[in-house]
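Coordinate analysis (summary)
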Amino acid sequence: MGTHSSSSGYLPINGLDLYYEVYGELRGSEPPLLLIPGAFMGADSMTTWADAFACERAVIVFDQQGHGRTADTAREMSYEQFADDAAALLGALGVEHADVMGYSQGGGVALQLAIRHDSLVSKLVSMSATFRKDGWYPSVFDAIGGITADAFAGTPVETAFKAHTPDVAAFEAHLEKMKKLNIDDQQVSADEMRSISAKTMIIVGDADGVKVEHALEMFRLRGGGDEQAAATGVLQEAPPARLVVLPAMSHVGISGESEVLVPLVRAFLDDVPPTTPELF
């Protein structure tokens, strides 16, 4: 990583020995950005994103339960619990408000954080995530159900887990918990989506595991669409919700598109006013 963390370590969070990293100064003028990785991914998977934002604001990344350097426990897994862990981490770091960006499973956790701890979240970026199980293509669940421990043999996922928990049976048990978490997914209601106060950006690929029509529903529930802009052809102010659909982009592929997405996310986080060219 080009940018070195200013602090890192472990904190006792809701029964976990939770690993976190902070890049930059948490007391800066801009709210820190909390990055939440996807399923099986640790903080190391977000280094490119952290690099891109750490020059202008503090960035916080953490390993969820059983991910990266955070060991699993007997505790059940849920998006709600992971969101509570994120909230507790922010509290332990003395952060009262943060912008939050999550990818895949991390996007679902970010959504729960905005619902359950509304005052903590200034802006919300959901990348390749859903608010209901039917937002995924059915083939996604078939693929998750077929995952075995052999699929992770020799990978960073297995290596990181066995560094703190070498027991083979423990890794297999963790894998089964993760499969259940992601197959069951979450069922957030339309009213809960509307209740979120944070401005929201939704990002998906047109070849994503997330259905584009589901992303559009998320966008509408978050206040997306502007009838005045439709009538005049001009946006008068920064909208409360933004939708990004990348062409020819898969669920895994989108995680590597920081060069394209960072300027869009930055403009959203900074409330950059819309510009209109002189046509007439």
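Residues numbered from 1 in each chain as written. Predicted model: local features only at pLDDT ≥ 70, side-chain atom pairs only at ≥ 80, totals over all residues. Heavy atoms only, no water.

1. Some remarks on the overall build of the chain
- Each helix and strand counted, the chain has 10 helices and 8 strands in total.
- In summary, the chain has a C-alpha radius of gyration of 19 Å against a globular reference of 19 Å for 280 residues, a match within 12%.
- With the C-alpha coordinates of the chain rotated into their principal frame, the extents come out at 70 × 45 × 35 Å.
- Each of the 280 residues in the chain was classed as buried or not, and the buried ones make up 49%.
- Considering only contacts within the chain whose residues lie at least 6 apart along the sequence, 76% involve residues at least 24 apart.
- For the chain, the exposed surface amounts to about 12,500 Å²; the carbon and sulfur share of it is 54%.
- Charged side chains of the chain number 19 positive and 39 negative; the gap between the two group centres comes to 3 Å. (Helix = DSSP H or I, 4+ residues; strand = E, 2+ residues; numbered from the N terminus. Rg over C-alpha atoms; globule rule 2.2 N^0.38 Å. Buried < 20%, exposed > 50% of the residue type's maximum accessible area, 1.4 Å probe, protein only. Contact = heavy atoms within 4.5 Å. Areas by Shrake-Rupley, 256 points an atom, 1.4 Å probe, with all protein chains shown as cover. Lys, Arg positive; Asp, Glu negative; His and termini not counted. Charge placed at Lys NZ, Arg CZ, Asp CG, Glu CD.)

2. Concerning the sheet that holds strand 8 (residues 241-250)
- What the 8 strands build is an open sheet, ordered 1-2-4-3-5-6-7-8; its pairing is mixed. In the strand order of this sheet, the two ends are held by strand 1 (7-13) and strand 8, each with one partner. Taking the axes of each pair of neighbouring strands and ignoring which way they run, one obtains an average angle of 20 degrees across the sheet. (Pairing = 2+ DSSP bridges. Axes fitted to C-alpha atoms, helices over the stretch in contact; angles between N-to-C directions.)

3. Considerations on the pattern of salt bridges
- Counted according to the given criterion, the structure contains 16 salt bridges.
- In this structure, the salt-bridge partner of Lys-179 is Glu-176, at a minimum N-O distance of 3.5 Å. In this pair, Lys-179 and Glu-176 are both assigned in helix 6 (residues 168-184), 3 residues apart and thus about one turn of the helix distant.
- One salt-bridge network, held together by shared partners, links Glu-30, Arg-57, Asp-99 and Asp-270. (Salt bridge = Lys/Arg side-chain N within 4 Å of Asp/Glu carboxyl O.)

4. Concerning unusual backbone geometry
- The residue Asp-185 is not glycine, and still its phi comes out positive at about 55 degrees.
- Owing to a relative accessible area of 12%, Asp-185 belongs among the buried residues under this scheme.
- Unlike most non-glycine residues, Asp-271 shows phi in positive territory, near 55 degrees.
- Relative to the elements of secondary structure, Asp-271 occurs in the segment after helix 10 (258-269).

5. Quick word on the nonpolar core
- Residues Leu-34, Ile-60, Leu-93 and Leu-113 are the most contacted members of the largest nonpolar core, which totals 57 residues.
- Each residue touching Leu-113, except ones within four places of it in the same chain, is listed here: Leu-34, Ala-83, Ala-86, Ala-87, Val-100, Asp-118, Leu-120 and Val-121. (Core = buried A, V, L, I, M, F, W, Y, C linked by side-chain atoms within 4.5 Å.)

6. Re the packing of aromatic side chains
- As enumerated under the stated definition, the model contains 4 aromatic pairs in all.
- On the numbers, 6.1 Å between centres and 85 degrees between planes, the contact of Phe-152 with Phe-171 is edge-to-face. With a gap of 19 residues between them, Phe-152 in the loop between helix 4 (138-145) and helix 5 (156-164) and Phe-171 in helix 6 connect regions that are remote in the sequence. The burial state of Phe-152 is the same as that of Phe-171; both residues are buried.
- Joined through ring pairs, the aromatic side chains of Phe-40, Phe-152, Phe-161 and Phe-171 make up one cluster.
- Directly above the ring of Phe-141 sits Lys-133, whose terminal nitrogen or CZ lies 4.9 Å from the centroid. (Phe/Tyr/Trp six-rings, centres within 6.5 Å; stacked < 30°, edge-to-face > 60°. Lys NZ or Arg CZ within 6 Å of the ring centre and 35° of its normal.)

7. Points about the packing of helix 4 against helix 6
- Remark: helix 4 packs on helix 6, axes separated minimally by 10 Å, with the N-to-C direction vectors making an angle of 170 degrees. The angle between helix 4 and helix 6 falls in the class roughly antiparallel. For the pair helix 4 and helix 6, the contacting residues are Phe-141, Ile-144 and Gly-145 in the first and Lys-179, Asn-182 and Ile-183 in the second.
- Residue composition of the contact of helix 4 with helix 6, by class: 3 nonpolar, 2 polar and 1 charged. (Parallel < 35°, antiparallel > 145°, perpendicular 65-115°, else oblique. Nonpolar A, V, L, I, M, F, W, Y, C, P; charged D, E, K, R; others polar.)

8. Some details on the side chain of Asp-99
- Relative to the helices and strands, Asp-99 resides in strand 5 (residues 98-103).
- For Asp-99, a relative accessible area of 2% translates into the label buried.
- Side chain to side chain, Asp-99 and Arg-57 meet in a polar contact 2.8 Å long.
- Filtering out sequence-adjacent residues up to four positions away, Asp-99 remains in contact with Pro-31, Pro-32, Leu-33, Leu-34, Arg-57, Ser-122, Lys-123 and Leu-269. (Polar contact = N/O pair within 3.5 Å; in protein donor to acceptor, adjacent residues only side chain to side chain.)

9. Let's talk about the packing of helix 2 (residues 79-92) against helix 3 (residues 105-116)
- At a minimum axis distance of 8 Å, the contact between helix 2 and helix 3 shows a crossing angle of 70 degrees. Considered as vectors, helix 2 and helix 3 are oriented roughly perpendicular to each other. Judged by the twist between their axes, the crossing of helix 2 over helix 3 is right-handed. Between helix 2, through Tyr-79, Glu-80, Phe-82, Ala-83, Asp-84, Ala-86 and Ala-87, and helix 3, the contact on the second element is made entirely by Gln-105, Gly-108, Val-109, Gln-112, Leu-113 and Arg-116. (Left-handed = near helix turned anticlockwise from the far one by under 90°.)

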